[in-house]
Amino acid sequence: MKSDIILGGVGGQGILSIAAAIGLAALKNNLHLKQSEVHGMSQRGGDVQSHLRISSKPIASDLIPKGKADLIISVEPMEGLRYLPFLSKDGWLVTNITPFNNIADYPSIEDLLKQIKAFPNHIAIDADAIAKAAGSSRSSNIVMLGAASPFIDIPYERLEDGIRQLFGKKGDELVNTNLKALKAGREFTEKNR
Amino acid sequence: MEKLLLLGDEAIAQGAIDGGMSGIYAYPGTPSTEIMEFVHGSKIAEDLNIHRLWSANEKTAMESALGMSYAGKRSMVCFKHVGLNVAADAFVNASITGVNGGVIVVSADDPSMHSSQNEQDSRFYAKFTMIPILEPSNQQEAYDMAYYGFELSEKLNVPVMLRITTRLAHSRAGVQRKEMKKQNQLKLPSDPRQFVLLPAIARKNYKKLIGMQPAMEVESEKSPFNQYIDGADKKLGIIAAGLAFNYLMENYVDGKNPHPILKLSQYPLPEKQVAKLYNQCDAILILEDGAPLIEEMLRGFLNLGKPIHGRLDGTVPRDGELDPNVVAKALGMEVHEGQVVPEVVKNRPPSLCQGCGHRDVFEELNEVLLDYGTGRVFSDIGCYTLAALPPFNSINSCVDMGASITMAIGAADAGLVPAVSVIGDSTFTHSGMTGLLDAVNKNSPITVIISDNSTTGMTGGQTSAAHGRIYEICKGLGVDPEHLITMIPLKKHHEENVKILRRELEYKGLSVLIPQRECIQTFARRKKSEKNESNE
């Protein structure tokens, strides 16, 4: 198997937690993994991305070639569109629809949704609202992971293990909140794909 | 041994710890920062009491590492590529002194300038100082090279450069650890004058360094990091240096390469292997993440040999980092891009955080400068450089660490009065203090604003070398206390601060203003950890 995933968002939105949860799950499944991140200047409110590659065979490049990504997970509606050149023809765009507006010329949400919906393989989810309903507005990134989980070739239980490992040190309550967030995201996609 | 999931930077740190390192010296700079940060977080480093404090700048770091080597122990020094310029005096001479304990110099290059002012290639430094370079292609090699580099350094009696680029520094993969080596014992150099670079001794040492070159080549020829991988189609031979090897192999299905490849990760160039490739193939393609260093060597000034393809003939773009697509194009393969980016997607440049004290400083400065006109603000390297962008549009220069003060001096000397410099606290102690001494000595009519957020902010909040002592340092350098003023950059002090700024800009001598407010990022983290501690 192989999953090439682009994670997109704005510096500080927690895309690296999503990558870490998938990474831990992949390791438990004895898969190869490479994950490239952006550090430095862009983290100050700029656009940030992570290339996450999982495979049963050794992986050569740390970066995903254009047109080869199986999945884009974006925690912000405009940021997912930025990486469309990387997405393969039958890849999926899974995006949050709550905007992070920190620039003067940020487009209208209607224009963004129009572009997202023009893309056949898309999941557009209000992760912030779902996270809030699941008990923690700060878990919207894990809702996004749940929403993307049907497109990642790793057993769902392994992703749950990844969440447990990632948040375990911070207590059971946080683990359970995030497991709920993960499930809520997955259920949304199962109903809406 | 256990397998860890590590960034390239972290793999270097773990490799050095396991390879018997006694001390690491560094100044933060993207993409090198996480090497030291990993050592800070390492339980083993703590238990072994490995020295691991940040240095004031890259030169002090390099010199301290050399001092540890003098005392017989293994040391590592880390910085970003432009940090090597700051350390260059010590770095270049360290090849003449040679080492006692092994020294690894990690220089993290930033092709495509993700977080930098240029994309200089550190390999040129190592080449003209005639020391070996290790250039990993993946995280495991980054670990192995840091582990093995100390021994290489001790064997060849020179510092060894470990050169990485951004993508490897900041990409994670599984890394297999090795048995931990013991640290060296304290041991003085056998020749007490080895490190005394008086001309007579330096000349002798230099001949010794030249004499070591064949031994360095032997190491490269037999290095496990250099590999000759044969291929059937000899129309082309490919040299892939460091990370470029991965991008190359990404383009070959199931790793089956049609052409012979020289995977190159240890320099000086292994002459026999390069010659073999050259003699077997009709043309050579050179893939290197950075400047065309190998390409220039193979091509020669007159380019009279076989066709050499790379950055110089346009097969690969002359600037910018490599990636799988750039390499595919160089191989003549077609690149199938996905969809185009819709027009609705706008640029999202980085910006100063909401609640950041630098914001207040620039709002105050902009207001006062309305009386003088724009074009007179010299700034520096740090978060505040973002004030070059809207909505502030405040600054007119950002060149190198410390240049804000000295460029303001020169501009004032030319008649641009008043000239203003804006520098951060960590940049000031890195390279601004000597410039300020120049300004004191001639009472330059400049206003220096040291925007003190009590941290090294841009790289993620590392210790600022003179935390809480900026005022005293300025006073000690001789700044007139009447024109040395601390301010608090908050909305409620706006009018008061504007008044001070206006007064000091009118003053025809040197003023130093120190707006002081903790970085909003470190403030938030500190509050959170205080809250967590009180909950426990």
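Whatever comes next refers back to the structure up there.
For clarity, every value in this text was computed on a predicted model and none was experimentally measured.

Here is what the cut-offs are and how they apply
Residues numbered from 1 in each chain as written. Chains lettered and ligands numbered in written order. Predicted model: local features only at pLDDT ≥ 70, side-chain atom pairs only at ≥ 80, totals over all residues. Heavy atoms only, no water. Helix = DSSP H or I, 4+ residues; strand = E, 2+ residues; numbered from the N terminus. Rg over C-alpha atoms; globule rule 2.2 N^0.38 Å. Buried < 20%, exposed > 50% of the residue type's maximum accessible area, 1.4 Å probe, protein only. Contact = heavy atoms within 4.5 Å. Areas by Shrake-Rupley, 256 points an atom, 1.4 Å probe, with all protein chains shown as cover. Pairing = 2+ DSSP bridges. Right-handed = clockwise from strand over helix to strand, strands pointing away. Buried area = accessible area lost by both parts, 1.4 Å probe. Salt bridge = Lys/Arg side-chain N within 4 Å of Asp/Glu carboxyl O. Polar contact = N/O pair within 3.5 Å; in protein donor to acceptor, adjacent residues only side chain to side chain. Nonpolar A, V, L, I, M, F, W, Y, C, P; charged D, E, K, R; others polar. Core = buried A, V, L, I, M, F, W, Y, C linked by side-chain atoms within 4.5 Å. Domains from an automatic or database assignment. Axes fitted to C-alpha atoms, helices over the stretch in contact; angles between N-to-C directions.

Trainee: Would you mind showing me how to read the overall build of chain A here?
Mentor: Looking only at helices and strands, chain A has 7 helices and 6 strands in total. Helices (α) and strands (β) of chain A occur, in sequence order from the N terminus, as β-α-β-β-β-α-β-α-β-α-α-α-α. Relative to the compact-globule value of 16 Å for 193 residues, chain A shows a C-alpha radius of gyration of 15 Å, a close match. Projecting the C-alpha coordinates of chain A onto the three principal axes gives extents of approximately 45 × 40 × 35 Å. Taking all 193 residues of chain A together, 60% fall into the buried category. Of the contacts formed within chain A by residues at least 6 apart in sequence, a portion of 64% connects residues at least 24 apart. Here chain A has roughly 7,800 Å² of accessible surface; of this, 48% comes from carbon and sulfur atoms.

Trainee: Please clarify how the pairing of strand β10 (residues 261-264) of chain B should be interpreted in this entry.
Mentor: The side chains of a regular strand alternate, first on one face of the sheet and then on the other. Residues and elements named next belong to chain B. Neither face of β10 is left uncovered, since the one carrying Ile261 and Lys263 and the one carrying Leu262 and Leu264 both have all their residues buried. As judged from the 3 bridges shared by strand β8 (residues 227-229) and β10, these two strands associate in the antiparallel manner. Across the sheet, tyrosine 228 pairs through a bridge with leucine 262, a residue of β10. The pairing of strand β9 (residues 236-241) with β10 spans 4 bridges and is parallel. From the neighbouring strand, alanine 241 faces β10, where its bridge partner is leucine 264. Viewed along the sheet, the connection from β9 through helix α11 (residues 244-250) into β10 turns out right-handed.

Trainee: When you look at the interface of chain B and chain A in this model, what are you seeing that I'm missing?
Mentor: Frequently, the measure chosen for interface size is the accessible area removed from exposure when the parts meet. Across the boundary between the two partners, chain B contributes 46 residues, which contact 43 residues of chain A. Taking both sides of the interface into account, the surface hidden between chain B and chain A amounts to around 3,800 Å²; carbon and sulfur atoms contribute 55%. Ionic pairing is found between A:Glu76 and B:Arg348, a salt bridge with its closest N-O pair at 3.1 Å. Run the count over chain B and chain A and you get 22 residue pairs in polar contact (both at pLDDT 80 or more). Contributions of two or more residues to the side of chain B that touches chain A are made by β1 (3-7), β7 (171-176), α11, α14 (324-330) and α20 (520-535) of chain B. Taken together, the residues that form the side of chain B that touches chain A break down as 18 nonpolar, 18 polar and 10 charged. Pairing analysis gives 3 bridges linking strand β2 (residues 32-36) of chain A to β7(B), with the strands arranged antiparallel. Across the sheet, A:Ser36 pairs through a bridge with B:Ser171, a residue of β7(B).

Trainee: I'm lost on the environment of A:Ala19 in this one. Help?
Mentor: All names here are of chain A. In this fold, alanine 19 is placed in helix α1 (residues 15-28). Taking the C-alpha atoms as reference points, alanine 19 and serine 36, 17 residues apart in sequence, are found 9.6 Å from one another. Residues within four places of alanine 19 in sequence aside, it is in contact with Leu7, Gln35, Ser50 and Leu52.

Trainee: I'm lost on the pattern of salt bridges in this one. Help?
Mentor: Once their charged atoms are close, side chains differing in charge can pair, the charge on each being opposite to the other. All names here are of chain B. The tally for this structure, following the rule as stated, stands at 42 salt bridges over all chains. Lysine 235 is the partner of aspartate 233 in a salt bridge, and the nearest nitrogen-oxygen pair spans 4.0 Å. Under the relative-accessibility criterion, lysine 235 is labelled exposed at 57%. Salt bridges linked by common partners bring Asp109, Asp121, Arg123, Glu135, Arg163 and Glu288 together as one network.

Trainee: Honestly, the nonpolar core in this entry has me stumped. Any pointers?
Mentor: Across soluble globular proteins, nonpolar side chains show a tendency to be buried alongside one another. All names here are of chain B. Core analysis: the largest hydrophobic core is formed by 105 residues, its most contacted members being Met76, Ile239, Leu248, Leu287 and Ile294. No other element matches helix α7 (residues 139-156), which puts 8 residues into this core. Of the domains in this structure, domain 1 (3-222) and domain 2 (227-330) are the two that each give at least three residues to this core. Counting residues in each nonpolar core, the second largest holds 49 residues, with Ile409, Leu436, Ala439 and Ile470 among its members.

Trainee: Explain the sheet that holds strand β6 (residues 122-125) of chain A to me, please; I cannot follow it from the model alone.
Mentor: A sheet is described by the order of its strands in space; here 8 strands give the open sequence β6(A)-β5(A)-β4(A)-β1(A)-β3(A)-β2(A)-β7(B)-β1(B), paired in mixed fashion. The outermost strands of the open sheet, each flanked by one partner alone, are β6 of chain A together with β1 of chain B. Averaged over all adjacent pairs, the angle separating strand axes in this sheet is 20°, with direction ignored. Note: β1(B) against β7(B), 5 bridges, orientation antiparallel. Note on β7(B): the bridge partner recorded for B:Leu7 is B:Arg172.

Trainee: Before we go on, may I ask you to explain the environment of B:Ser451 in this structure?
Mentor: Residue and element names in this part refer to chain B. Its location among the elements puts serine 451 in strand β16 (residues 446-451). Take serine 451: its relative accessible area is 4%, and that puts it in the buried class. Once the C-alpha coordinates of serine 451 and tyrosine 384 are considered, the two residues, 67 residues apart in sequence, prove to be 8.5 Å apart. Those residues in contact with serine 451, other than ones at most four positions away along the chain, are His358, Val361, Ile423, Gly424, Asp425 and Pro515. At 2.8 Å, the side chain of serine 451 forms a polar contact with the side chain of histidine 358.

Trainee: Looking at this structure, I do not really get the sheet that holds strand β17 (residues 484-487) of chain B. What am I missing?
Mentor: Remark on secondary structure: sheet strands pair via backbone hydrogen bonds, oriented parallel or antiparallel. Residue and element names in this part refer to chain B. Pairing is parallel in the open sheet, where 5 strands are placed in the order β14-β15-β16-β18-β17. Taken across any chain shown, the strands that pair with only one partner, and hence form the sheet edges, are β14 (377-378) and β17. As paired strands, strand β15 (residues 419-424) and β16 are joined by 6 bridges and run parallel to one another. Residue pairing in the sheet places valine 420 in a bridge with threonine 447 of β16. Sitting on the sheet, helix α17 (residues 425-441) is in contact with β15, β16 and β18 (511-515), with an inclination near 145° to β15.

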